[in-house]
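Take a look at the letters that make up each chain.
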Amino acid sequence: MSGGQTLAAIDRDEALARIRLLRSPNVGPVTYAHLLARFGDARRAVDALPEIAGRSGKRYRAVPEHVALDEARAVRRAGARYLFHDAPDYPPLLAASEGAPPILVVRGDTAILEAPCVAMVGARNASAAAVRLARTLAGELAEAGVTVVSGLARGIDGAAHDGALGASGATVGVIASGIDVTYPPEHADLQERIAREGLLIAEQPPGTDPLARHFPARNRIIAGLCAGTLVVEAAPRSGSLITARLAGEMGREVMAIPGSPLDPRSHGCNQLIRDGAILVQRAEDVTELLGGFAGAPQSALREAAPDWALCDDLSDAEPAPIADLLTTAPVPVDELIRQSGASASAVQLALLELEITGALVRHAGGRVSLA
């Protein structure tokens, strides 16, 4: 089993400082990266935090050390460990994505991420035929040496994990809750099996409930881990389409299974194909498409990861301020970034949260508005 970085693998005080820094109010991945680059290590960044003001004038305040210690103990009790952004086994494809999580909490074997990874996502209320197809495709991909990544949700996600495990293959479950929280409840056995035989990943601290605002962040991890995302069945406003769009923005392959125009659950996939997604009917379509990624050495992928020192923004947007800038009149996303003074990745995450709740409409030309 791949070791990852624990509190003992790097300097204990530095590890605790990293946890304190990331869990502090108003500090997200972009701000975290900037602070590390500015101060050299997390300990100095935490000490300097009270003296720093963001563009909006807000002050930063580090969480107390005992909070980080309590979290670290909870991670250990859950049989999990931390994976820091500079760990040797931090996934290079994820590292190459904008706003990559600085700290992951993982249970299982991170070595399975060395194989080509494909995200398989789709409707929670999927049809019986789509569930059966997802299970079959996932099993065939697993047998071909592909790691199947999904979000452990009902429907297509669960079928994808189940199919990969049934073929004695590798699967990764990325959850929107803490590593010790099961959601949905009926997937308790499946989640435990993934942790035991595959890999379970959480960005949130232990004990965190799967709140709606955490799912867009979860989706960006699913897309970021993978060379491509396959949507099996999805309604027009499905969260799966958000994952597919994120994959496309990252330069990864976007694939979709076509469906009957008479079934609303197929409309999202059919639209993806109209918009340029690759039509997939069998596992071989996926493995042939990912041949280039399969042959790419991990060292080369890691070299493509962004330099953390290049971040130049100290503010992370929260959903409320971005929502305040929106009306029913379409506005370019670039204009929102300029008006908010926040980083591009922070604004995009805020927009994702609004979109997944149905409050946001996207228009041609990179414009958005309130629904």
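Coordinates for the structure precede this section.
Residues numbered from 1 in each chain as written. Predicted model: local features only at pLDDT ≥ 70, side-chain atom pairs only at ≥ 80, totals over all residues. Heavy atoms only, no water.

Taken as a whole, this structure holds two aromatic pairs when the rule is applied. Ring centres 6.4 Å apart and planes at 65 degrees place the aromatic pair Tyr-183 and Phe-215 in the edge-to-face group. Taken together, the positions of Tyr-183 in the loop between strand E5 (171-175) and helix H8 (188-197) and Phe-215 in helix H9 (residues 214-225) put the pair 32 residues apart, joining distant regions of the chain. Look at Tyr-183 and you get partly exposed, because its relative accessible area is 36%. Look at Phe-215 and you get buried, because its relative accessible area is 12%. (Phe/Tyr/Trp six-rings, centres within 6.5 Å; stacked < 30°, edge-to-face > 60°. Helix = DSSP H or I, 4+ residues; strand = E, 2+ residues; numbered from the N terminus. Buried < 20%, exposed > 50% of the residue type's maximum accessible area, 1.4 Å probe, protein only.)

So, about the nonpolar core. Formed by 38 residues in total, the largest nonpolar core has its most connected members in Leu-21, Tyr-32, Tyr-82, Ile-103 and Ile-179. Counting only elements with at least two residues in this core, the list comes to helix H1 (12-23), helix H2 (29-39), helix H3 (42-48), helix H4 (65-77), strand E1 (81-84), strand E2 (103-108), H8 and strand E6 (199-202). Ranked by residues supplied to this core, first place goes to H1 with six residues. By size, the runner-up hydrophobic cluster in this structure holds 36 residues, among which are Leu-94, Val-172, Ala-223 and Val-231. (Core = buried A, V, L, I, M, F, W, Y, C linked by side-chain atoms within 4.5 Å.)

Once that is clear, we can look at the pairing of strand E12 (residues 367-370). Bridge count between strand E10 (residues 331-332) and E12: two bridges; the pairing is antiparallel. Its bridge partner being in E12, Val-331 is matched across the sheet by Val-368. Pairing of strand E11 (residues 360-363) with E12, which is carried by four bridges, proceeds in the antiparallel orientation. Residue His-363 lies in a different strand from E12, and its bridge partner there is Arg-367. Joining the antiparallel neighbours E11 and E12 is a turn of three residues, in which Gly-365 adopts a positive phi near 80 degrees. (Pairing = 2+ DSSP bridges.)

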